[in-house]
Amino acid sequence: MSQTFEASLSGDPAEAISPDELNEALGEVLGSLGLESFPIDPDAVGDLGVSGSVTISGEWNGAVQMELTDTSQKGTAAAMFMLDPEILSDEEIVDAVGELVNMVGGGIKGMLPEPSRLSLPTVVQGHDLHLSFPGMAPILRYGRASETGPITVTVWAESSDS
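These remarks concern the structure in this document. (Residues numbered from 1 in each chain as written. Predicted model: local features only at pLDDT ≥ 70, side-chain atom pairs only at ≥ 80, totals over all residues. Heavy atoms only, no water.)

1. What to know about unusual backbone geometry
Selection criterion: Secondary structure follows DSSP: runs of H or I at least 4 residues long count as helices, runs of E at least 2 residues long count as strands, and numbering of each begins at the N terminus.
Looking along the chain, the bond that leaves Glu114 and enters Pro115 is cis, with omega of -5°. Considering the arrangement of structural elements, one finds Pro115 in the loop between helix 3 (90-109) and strand 5 (116-118).

This is how it looks when you write it as structure tokens:
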């Protein structure tokens, strides 16, 4: 399930990507970790404890933000590193979230017009986070869940309304 937002965009990413393709991209990334997943309503997700993001700049400018619950960040990191979730360090969890948002961001970047560049990932841990990207507005939000828990992704785009 996905949620779209109204925003005045500079550039039209809708011509390059669709909500279904974005949701499928997250599913493929989770599948590469051996995690089966399914679409969920991103607004039905409870307390999100970590946020990772990358920015995309070039012909189209925007950002990809990924949020995970405490359970999903540990479980996804455990799948990535093939370790028991209870022995993971905070650093390993942050590394896994950064790599996960980098993989999804890279997939989205590949759907956009060239030239485009992907930033290094930023990961922030904490509860009740409200991350914003100055000069950008959210255009799409979607979610997936696996046995490790839910993950939401918000795509932001440069906006003249911000």
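Next comes the rest of the write-up.
2. Some thoughts on the pattern of salt bridges
A side chain of one charge can pair with a side chain of the opposite charge when the charged atoms of the two come close. Here is the rule we go by: Salt bridge, as used here: a side-chain nitrogen of Lys or Arg that lies within 4 Å of a carboxyl oxygen of Asp or Glu. Between buried and exposed lies partly exposed: a residue is buried under 20% and exposed over 50% of the maximum accessible area for its type, with that area taken using a 1.4 Å probe on protein chains only.
All chains considered together, the criterion is met by 3 salt bridges. Salt-bridge contacts for Asp43 lead to Arg141; the nearest nitrogen and oxygen are separated by 2.7 Å. With Asp43 in the loop between strand 2 (37-40) and strand 3 (50-58) and Arg141 in strand 7 (residues 136-146), this pair connects stretches of sequence that are 98 residues apart. Note on Asp43: relative accessible area 49%, which makes it partly exposed. Within this structure, Asp43, Glu67 and Arg141 form a network of salt bridges that share partners.

3. A look at helix 2 (residues 70-81)
Worth spelling out the cut-off: A helix is expected to reach a length of 1.5 Å times the quantity of its residues less one. Two residues qualify as a contact provided that any one of their heavy atoms is within 4.5 Å of a heavy atom in the partner residue.
With 12 residues, helix 2 extends 17 Å from end C-alpha to end C-alpha; this agrees with the ideal 16 Å at 1.5 Å per step. Where helix 2 is buried, its residues touch strand 3, strand 4 (62-68), helix 3, strand 6 (122-125) and strand 8 (149-158). Positive backbone phi, at 55°, marks Met82, one or two positions downstream of helix 2.

4. Quick word on the pairing of strand 7
Convention followed: A pair of strands counts as paired when DSSP detects no fewer than two bridges linking them.
Of all 11 residues in strand 7, 10 are buried; the element is thus mostly enclosed. Inspection of the sheet shows strand 2 paired to strand 7 by 4 bridges, in the antiparallel sense. Of the residues in strand 7, the one forming a bridge with Ser37 is Ser146. Inspection of the sheet shows strand 7 paired to strand 8 by 10 bridges, in the antiparallel sense. Bridging across to strand 8, Pro138 finds its partner in Trp156. If you look at the hairpin formed by strand 7 and strand 8, you'll find 2 residues sitting between the two strands.

5. Remarks on the environment of Ala77
In this structure, Ala77 sits in helix 2. For Ala77, a relative accessible area of 0% corresponds to the buried category. In this structure the C-alpha to C-alpha distance between Ala77 and Leu33, which are 44 residues apart in sequence, comes to 9.4 Å. Not counting residues up to four positions away in its chain, the partners in contact with Ala77 are Leu88, Glu92, Ile93 and Ala96.

6. Observations concerning helix 1 (residues 19-32)
Compared with an ideal rise of 1.5 Å per residue, which puts 14 residues at 20 Å, helix 1 spans 20 Å between its outermost C-alpha atoms and is within 8% of the ideal. When we look at burial in helix 1, the residues that qualify are Leu22, Asn23, Ala25, Leu26, Gly27, Val29 and Leu30. Where the residues of helix 1 are buried, they touch strand 2, strand 4, helix 3, strand 7 and strand 8. Just downstream of helix 1, Gly34 is the residue with a positive phi angle, here 85°.

7. With respect to the packing of helix 2 against helix 3
In plain terms, the rule: Each axis is a line fitted through C-alpha atoms, and for a helix only the stretch in contact is used; angles between axes span 0 to 180 degrees, taken between their N-to-C directions. Roughly parallel means an angle under 35 degrees; roughly antiparallel, over 145; roughly perpendicular, 65 to 115; everything else is oblique. Residues are grouped as follows: Ala, Val, Leu, Ile, Met, Phe, Trp, Tyr, Cys and Pro are nonpolar; Asp, Glu, Lys and Arg are charged; all remaining types, including Gly, are polar.
Close contact between helix 2 and helix 3 brings their axes to 9 Å; oriented N to C, the two are set at 85°. As the angle between them shows, helix 2 and helix 3 are arranged roughly perpendicular. Together, Gln73, Lys74, Thr76, Ala77, Met80 and Phe81 of helix 2 and Glu92, Ile93, Asp95, Ala96, Val97, Glu99, Leu100 and Met103 of helix 3 make up the contact between the two elements. Here the contact of helix 2 with helix 3 is built from residues that sort into 8 nonpolar, 2 polar and 4 charged.

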